[in-house]
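# A look at the structure
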Amino acid sequence: MPRQSYVNGRYVPHASAAVHIEDRGYQFADGVYEVIAVAGGAIVDEGPHMERLFRSLAEMKMTAPASAASMHVILHEVMRRCRVRDGAVYLQISRGVAPRNHAWPADIKPAMVVTARPIAWPRNFAEVRAIEILAVPDQRWGRPDIKTVALLPNALARMQADAAGAADAWMVDEDGMVTEGTSANAWIVTEAGELITRQLSRAILAGVTRRAILEFAGANMLAITERAFSLEEAKAAREAFQTSTTALVKPIKKIDETVIGDGQPGPVTAKVFEAYLAYLTSFGGGN
Ligand code: PDD
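Here the structure is a predicted model, which means the values were calculated and not measured. (Residues numbered from 1 in each chain as written. Predicted model: local features only at pLDDT ≥ 70, side-chain atom pairs only at ≥ 80, totals over all residues. Heavy atoms only, no water.)

Moving on, we come to the sheet that holds strand S3 (residues 31-39). Strand order in the open sheet made by the 6 strands is S2-S1-S6-S5-S3-S4, with antiparallel pairing throughout. Each edge of the open sheet carries a strand with a single partner, namely strand S2 (10-13) and strand S4 (42-43). Two strands pair when backbone bridges link them, and S3 and strand S5 (residues 87-94) are joined in this way by 8 bridges, in the antiparallel orientation. Looking at the pairing, Val38 lines up with Gly87 of S5. Against the sheet, helix H3 (residues 68-82) makes contact with strand S1 (4-7), S2, S3, S4, S5 and strand S6 (111-118), and its axis sits at roughly 40 degrees relative to S6, the strand it touches most. (Pairing = 2+ DSSP bridges. Helix = DSSP H or I, 4+ residues; strand = E, 2+ residues; numbered from the N terminus. Contact = heavy atoms within 4.5 Å. Axes fitted to C-alpha atoms, helices over the stretch in contact; angles between N-to-C directions.)

Shown next, in the form of structure tokens:
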């Protein structure tokens, strides 16, 4: 069966899946999305992803084109048609199609697309390679807490990192504090052993991976402080890593020209990774 995607009520071959040229997602980046992990045939953290999606919709003054229950059915159907048991599903809702005008008509109908792709999750921490990070100014708008498809600053930062030989960029605000990665939340372990990630605000996305780690921290004897940290503090850290749905827990060995710790993935990162991997695989009943 060739890969199929969902477009506005229909399952279509992925290669020919299309939306109208006057879709506002295309013309104004007027849309929201979620990337959701699939492990062992199960959707991981569907509740928190749906909660964040509906919050994004509300903040954008958009109406949902379907209920969370209908979305659940559609996600599973795309996974089934694409034979994805381990991977990610992508769900995007744009405001819909209308003649190009900054103002949208009151009766505009939101458009929804869903795609799925396979990912081979790492089986253990030994398989995970540490990455290098480039620090760049955070040039995004004032609401990175809304998961919109307006990702141009993130994409430009990612390409800048690429050109510098780094795998990702950490964005830094006007006060010299790290906000987050281009598609991941940022974490450090200080010399004193404090595990830190920035507190939720309008400045960062409320990562679902971040949320899960905070939730099972107690059971894994991890003390986490939610506060902003500077780029300087990150460079002086003993360990650094970033978290996201698709990259899970990614160790960082270098920020700009500064080697982090001894340049090897550290024990706290390993502990967070192992705990998260166990959590991920538990959704499919354990692989
Ligand atoms: N990115 N911060 C930003 C800016 C992100 O785009 C993401 C997710 C995260 C991590 O959130 P979560 O743990 O819920 O994946 C943080 C997705 C994976 C993406 O755009 O591909």
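This part takes up the domain arrangement of the protein chain. Reports often express the size of an interface as the amount of accessible area lost when the parts come together. Taken as a whole, the protein chain is organised into domain 1 (4-118) and domain 2 (125-282). For domain 1 versus domain 2, the distance between C-alpha centres works out to 26 Å. Opposite the 22 residues of domain 1 that make contact, domain 2 presents 19 residues. Between domain 1 and domain 2, roughly 1700 Å² of surface is buried when both sides are summed, and carbon and sulfur atoms account for 62% of that area. (Domains from an automatic or database assignment. Buried area = accessible area lost by both parts, 1.4 Å probe.)

This part covers unusual backbone geometry. One non-glycine residue with positive phi stands out, namely Lys61, at about 55 degrees. Mapped onto the fold, Lys61 is located in the loop between helix H2 (46-59) and H3. Overall, Lys61 belongs to the exposed group, its relative accessible area being 68%. Phi at Arg83 takes a positive value of approximately 55 degrees, unusual for a residue other than glycine. By secondary structure assignment, the location of Arg83 is in the loop between H3 and S5. Of the residues examined, Arg83 reaches a relative accessible area of 61% and is grouped as exposed. (Buried < 20%, exposed > 50% of the residue type's maximum accessible area, 1.4 Å probe, protein only.)

Taken together, 19 residues are adjacent to the ligand, and Tyr33, Glu180, Val208, Thr209 and Thr245 come closest. A distance of 2.9 Å separates an oxygen atom of the ligand from a polar side-chain atom of Arg52. At a separation of 3.4 Å, a nitrogen atom of the ligand approaches a polar backbone atom of Ser183. Among the secondary structure elements, those contributing two or more residues to the shell around the ligand are S3, strand S9 (178-181), helix H5 (208-216) and strand S13 (239-244). Residue composition of the shell around the ligand, grouped by class: 5 nonpolar, 10 polar and 4 charged. Built from parts of two domains, the shell around the ligand gets at least three residues from each of domain 1 (4-118) and domain 2 (125-282). (Near = heavy atom within 4 Å. Polar contact = N/O pair within 3.5 Å; in protein donor to acceptor, adjacent residues only side chain to side chain. Nonpolar A, V, L, I, M, F, W, Y, C, P; charged D, E, K, R; others polar.)

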